Every structure is written in C-alpha cells, then in structure tokens.
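Each chain, written out:
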Amino acid sequence: MGKSSSEELPTDIVFDIISRTTSLKTLDTCKSVCKEWKQLIYESSFMPLYCQNTKNLYGYFVQDVRKSNYVSMFVCLDNNNNNKLPVLRLPENTRILASCNQGILCCLKKRNSNDYQYCVCKPATQQWQDLPKPPLDDHTTTVSMAIMVLGSTPLRYKIVRLSRDDIIKELEYCTYHCEIFDSETRAWRKIQDVNLPYPELIHVSAPPVSINNSIHWLTNDNNILKFNLVQEYFHTFTLPEHLHNTDNNRLSNKLMECEGRLGLICTTQEEDSNNNVNMELWLTDEENESKINWRTSSKKVLINDMVERYANPAGMYNAGILFLKAADEVVFYKIQDRSLINKVKLDKLRDAREVFQFRSDFDRVDFGKS
C-alpha cells in the first residue's frame, strides 16, 4: 500500500487504525473524510478484519415460519467461531419487519393469537422499546417496512410502512398506503398514497434497500420505486435497458447495497448440461444523487460456474463476497476464485424465507422516552 493523500501516515497504517474503530458511527464518519479512506473501508479484506479486531457484528438475520410462528437466526462470515452470536437470539414469536446497519431492528412481538406489539430493539445490547400501532393496521395488510437511523443522541429514526387494503376495489391502479413513524414525535402519520399502474406490484419477497436517505423497492415491471425519507416523496426509475428484454433463462433480479451504492444483481441460467449460473452486478452512479444513472459502461462483475443449488443471491457482504441462500443453508461465496468460504446450516429453519442485512456494535443506545 502507498500513502493516503489526506494523511502523512502510510495507507496500510490508516487501514489498520480504522479497522480497530469500535464505534459504527465513527466508522461511517471515516468514509466521509476522503475518497481514499472510503475506498479502504470498502475493500473486500476490510470488513472481515474489522469484525475480528472489534468483535462487532456484520451479517444477516435469516427468518422463516415454523408452525405458524416466526423463527430467526443471525449468520456471519465467522459464524462458527463468534461467541457473541447468542446475544442476538430474539424472543420466541418475534417477527423481524425491517433492519438497518446501525444495529436496530423493527419487530412484531406476538403475545397471543390475536394480540401483537410493534417494537424496536438493539439485539446486541438487549434494549427494547414498544411502538404504537399504525393507524391503518387494523384494515390493511403490510406489504413492506423499512427503518432508517437519522441521528444517534438520542437515537433518531423513522419507520416507513407500505400497506394495501384488505379488500381491493380499484383495479386501474395498485394503491399502496404509506405511514411514517418518527421517533422524535413518537407518532405515526399518513402521507399521500402511492399508485402504480395495474398490474405493476412491489416485490415482497425481499426487503427494501436503503441508500443515503432513500429507500428502494423493486417492482415486477422492471422499475424501482424510490422514497426520499427527508423530503418524503416517491418517484420511479427503470432498470438498465439491457434487462428489459424478456429472457426465459433469467432466474431473478435483486436489489442490494454495494459499496454504499444501489446495486442490482441479475441472475441467468446457462443452457448447458452443467446448469451453470451467471450473475451480473450493475451499480448506480454515486456521483449523481439527483438522477439515477446505471453504470452500463463500466466493467460488470460476472460470476460463472456456480452450482444451481446456490443460485439465489441474498446480499453483497462486500465487493468481493456474495451471500447466497439455499433451501437448508446459506453460503458466503468469494467472487474472485469462485469458492465457498463458509456454509451455515439453518438448524431451526426450513428455509431462508426472508433475509435482513444487519450490522451492529455493542454501544448502548438512547431510545428516548416511550
């Protein structure tokens, strides 16, 4: 490594210092110091070393339904040797609704067959706080939820809930109601509905992706629905034109975060006897926040020779490692040499039905007054 342009210290020394920063807030601040520091933090070797040095957590909550109850477990790259994992076990009958990379979950705790409680929690410190029920909860069905942390002292966050009427009357549009909970006011409020032209729908098989101050959902019509949480408005933009063509060999498109940018992984099946799977990674242009441009001219990541069993991408652990899910296990897959780094058996889960990216330190948070 050479020298960082922002400091007199050699880059490898800066890399080592940052990798020992125990506070996630400080780590995220380091990304804003200069471009070189940001690149260091997004190097494929950084996060495994960071978790090893600080004992902080970075991985995924995997969730399934067993006997009408939600069951979850946390998995990480060093799953077999991490003695911190037991603290992340959630109480029985707790459903994860949304996660964020500041260690906070939004959950639904089931009390009995007809009673449940919305709440937020920091599993690493076992802190919980109940939330009021959304006003539309009794007569709508939750489609998707997202949580985003906006400040730390006290903890300031917003939760976005998209829902649809239990009884659909209008077929010209697919109408989604939007409610926002603000921890500062401790209240929900409804904003303007979102209308997508029928039969366009939001994909509900994966959680939304939060980048900067915006939340993104993939639709079944090759569009992305974006919600700016600060200005509170929706708009849509399209996938790369290349992906609009109908392809019988296409398995899936999936949104994910990669190096602080919105990414899209397109998975296709090869027509050969080996059933090889290809994955292309597309990234948005980080230099243009006001308008989304896909980096179609840049080099795309192409992953070949993957067995069909692990063909379902669930996240980008970092620029060099994919997180994949199968029926009874999840896998960390190294892109460069096409190798399986770690496989984790889903002992209490039959399937990785839902996957939530999660990053946490062990600093206690101030949830404020209930």
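Residues numbered from 1 in each chain as written. Predicted model: local features only at pLDDT ≥ 70, side-chain atom pairs only at ≥ 80, totals over all residues. Heavy atoms only, no water.

### Quick notes on the packing of aromatic side chains
The way to describe two aromatic rings as a pair is by their centre distance and the angle between their planes. The condition is simple: Geometry of aromatic contacts follows a simple scheme: Phe, Tyr and Trp rings, the Trp one being its six-membered ring, pair when their centres are within 6.5 Å, and the pair is stacked under 30 degrees between planes, edge-to-face over 60, tilted otherwise. In DSSP terms, a helix is any run of H or I states spanning at least four residues, a strand is any run of E spanning at least two, and both are numbered starting from the N terminus. Exposure categories follow from relative accessible area, calculated using a 1.4 Å probe and restricted to protein chains: below 20% of the type maximum is buried, above 50% is exposed, and the middle band is partly exposed.
Taken as a whole, this structure holds 15 aromatic pairs when the rule is applied. Between the aromatic rings of Phe74 and Phe358, the centroid separation amounts to 5.9 Å while the plane-to-plane angle is 80 degrees, which identifies the pairing as edge-to-face. Here the residue Phe74 occupies a position in strand E2 (residues 69-76), and Phe358 occupies one in strand E23 (residues 354-360), the gap between them amounting to 284 residues. Exposure class is identical for Phe74 and Phe358. Each is buried.

### Some points on the sheet that holds strand E3 (residues 94-99)
Rule in force here: Pairing between strands is defined by DSSP: at least two bridges between the two strands are required. For helices, the fitted axis covers only the stretch in contact; all axes are lines through C-alpha atoms, and the angles between them, taken along N-to-C directions, range from 0 to 180 degrees.
With antiparallel pairing, the 4 strands of this open sheet are ordered in space as E3-E4-E5-E6. Pairing within the sheet leaves two strands with one partner each, and these edge strands are E3 and strand E6 (127-130). Recorded for the sheet is a direction-independent mean angle of 30 degrees between the axes of neighbouring strands. Examined bridge by bridge, E3 and strand E4 (residues 105-112) share 5 bridges and lie antiparallel to one another. Bridge pairing in E4 places Ala98 opposite Cys106.

### Section: the sheet that holds strand E20 (residues 321-325)
The strand order across the open sheet formed by 4 strands is E19-E20-E21-E22, and the pairing between neighbours is antiparallel. Of all the strands in the sheet, the pair left with one neighbour each is strand E19 (312-318) and strand E22 (339-345). The mean inter-strand angle of the sheet, taken between neighbouring strand axes irrespective of direction, is 25 degrees.

### Re the pairing of E22
As paired elements, strand E21 (residues 329-334) and E22 share 6 bridges and run antiparallel to each other. Paired with Glu329 across the strands is Lys345, a residue of E22. As consecutive antiparallel partners, E21 and E22 are separated by 4 residues, and within that stretch Arg338 has a phi angle of approximately 55 degrees, a positive value.

### Focus: the side chain of Asn342
The criterion, for reference: Between N or O atoms, a polar contact is any pair within 3.5 Å; within protein, one atom must be a potential hydrogen donor and the other a potential acceptor, and residues adjacent in sequence are included only when both atoms are from side chains.
Among the structural elements, Asn342 can be located in strand E22. For Asn342, a relative accessible area of 11% translates into the label buried. Looking at Asn342, its side chain comes within polar contact range of the main-chain oxygen of Leu77, at 2.9 Å.

### Description of the environment of Lys334
Residue position: Lys334 is located in strand E21. In this structure the C-alpha to C-alpha distance between Lys334 and Ala319, which are 15 residues apart in sequence, comes to 9.5 Å.

### Structural notes on a nonpolar patch on the surface
Using the following cut-off: Each patch groups residues whose relative accessible area exceeds 30% and which form no salt bridge, using 9 Å between like charges and 5 Å between nonpolar side chains of Val, Leu, Ile, Met, Phe, Trp and Tyr. Using a 1.4 Å probe, accessible areas were evaluated by the Shrake-Rupley method; residue-level cover was limited to the displayed protein chains. Should a side-chain nitrogen of Lys or Arg be within 4 Å of a carboxyl oxygen of Asp or Glu, the pair is scored as a salt bridge.
A cluster of nonpolar side chains, Leu9, Ile13 and Ile17, forms an exposed patch at the surface whose accessible area comes to about 250 Å². For Ile17, the position within the fold is in helix H1 (residues 11-18). Looking at Ile17, the relative accessible area reads 48%, which means it is partly exposed.

### Observations concerning the pattern of salt bridges
Applying the stated criterion across every chain yields a total of 19 salt bridges. For Lys109, the salt bridge identified is with Asp130, shortest N-O distance 3.6 Å. Of the two residues, Lys109 sits in strand E4 while Asp130 sits in strand E6, which places them 21 residues apart along the sequence. Judged by its relative accessible area of 24%, Lys109 is partly exposed. Judged by relative accessible area, which is 36%, Asp130 ranks as partly exposed. A single network of salt bridges, built from pairs that share partners, joins Lys109, Arg111, Asp115 and Asp130.

### A few points about the environment of Thr140
Note the cut-off: Should any heavy atoms of two residues lie within 4.5 Å, those residues are considered in contact.
Topologically, Thr140 is positioned in strand E7 (residues 140-152). What makes Thr140 buried here is its relative accessible area of 7%. Through-space distance from the C-alpha of Thr140 to that of Leu162 is 9.5 Å; in sequence the pair is 22 residues apart. Those residues in contact with Thr140 that sit more than four places away from it in its chain are Arg161, Ser163, Arg164, Asp165, Asp166 and His177. Separated by 2.6 Å, the side chain of Thr140 and the backbone oxygen of Leu136 make a polar contact. A polar side-chain atom of Thr140 sits 3.1 Å from a polar atom in the side chain of Arg161.

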